[in-house]
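# Geometric and topological summary
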Amino acid sequence: SAVISQKPSRDICQRGTSLTIQCQVDSQVTMMFWYRQQPGQSLTLIATANQGSEATYESGFVIDKFPISRPNLTFSTLTVSNMSPEDSSIYLCSVEGLGLAGGVEQFFGPGTRLTVL
Amino acid sequence: AQSVAQPEDQVNVAEGNPLTVKCTYSVSGNPYLFWYVQYPNRGLQFLLKYITGDNLVKGSYGFEAEFNKSQTSFHLKKPSALVSDSALYFCAVRNFNKFYFGSGTKLNVKP
């Protein structure tokens, strides 16, 4: 299994500013994923971050708005740039790993709850 | 295109009664199906998955799910609900290392 921590756990930010969210995993992983969960909604994949290459963004998400770093196999950051109230969401980091029952599972961090005023 | 549908926004059940949370999917190829639970102010927790084999999958906390290929469904079930089962439940399908989540179903178990 993989244990994932995220910083900060929550933040309240002003419109127009940027926030960088950190994700730390207790083991080396090839791919890390960033999701957004808007209030009352499901999870939407923002991008996939591979170490040593640029992140791959899903439709509707762009690098200028959500730049991602992946400096090593246990760490990644997601920046929410030039924030607006519509960016208020929970942002979750996720990785794949071997589950206790065997086979590949997706593990999620506790999330970062962002409120933009 | 891959997609997951959870037709019920909310399910209300009395404690001790059986519960079902519905999920249907659309995926090319063989589906890898998952159920996750999210408690308030907590991250997602894995409940169970179907990859191949027996259509009835048993998971954590007494939950199970039945894979039905003809109906493209993967409903979550529990024979006897607990108040502590009250949470948000997400069905998901995995395709090429990406997860696609349903809209979520809020389960309310009343004493």
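Check the entry above for the structure.
Here's what I pulled together on the structure shown here. (Residues numbered from 1 in each chain as written. Chains lettered and ligands numbered in written order. Predicted model: local features only at pLDDT ≥ 70, side-chain atom pairs only at ≥ 80, totals over all residues. Heavy atoms only, no water.)

### A look at the side chain of Gln45 of chain B
Residues and elements named next belong to chain B. For Gln45, the position within the fold is in strand β6 (residues 44-50). Among the residues examined, Gln45 registers a relative accessible area of 18% and is labelled buried. At 3.2 Å, the side chain of Gln45 and the side chain of Tyr61 are in polar contact. Not counting residues within four places of it along the chain, the set of residues in contact with Gln45 comprises Trp35, Tyr36, Val37, Tyr39 and Tyr61. (Helix = DSSP H or I, 4+ residues; strand = E, 2+ residues; numbered from the N terminus. Buried < 20%, exposed > 50% of the residue type's maximum accessible area, 1.4 Å probe, protein only. Polar contact = N/O pair within 3.5 Å; in protein donor to acceptor, adjacent residues only side chain to side chain. Contact = heavy atoms within 4.5 Å.)

### A closer look at the nonpolar core
Judged by nonpolar contacts, the single largest core of 28 residues is most densely connected at Trp35, Leu47, Leu48, Phe74, Leu76 and Tyr89 of chain B. Elements with a minimum of two residues in this core: β2 (10-14), β3 (19-21), β5 (32-38), β6, β8 (64-68), β9 (73-78), β10 (87-95) and β12 (105-110) of chain B. No other element matches β10 of chain B, which puts 4 residues into this core. Residues contacting Tyr89 of chain B, with those up to four places away along its chain left out, are Gln6, Trp35, Tyr36, Val37, Leu47, Phe63, Leu76, Gly104, Thr105 and Leu107 of chain B. In this structure, Phe61, Val80, Met83 and Cys93 of chain A belong to the second largest nonpolar core, which totals 27 residues. (Core = buried A, V, L, I, M, F, W, Y, C linked by side-chain atoms within 4.5 Å.)

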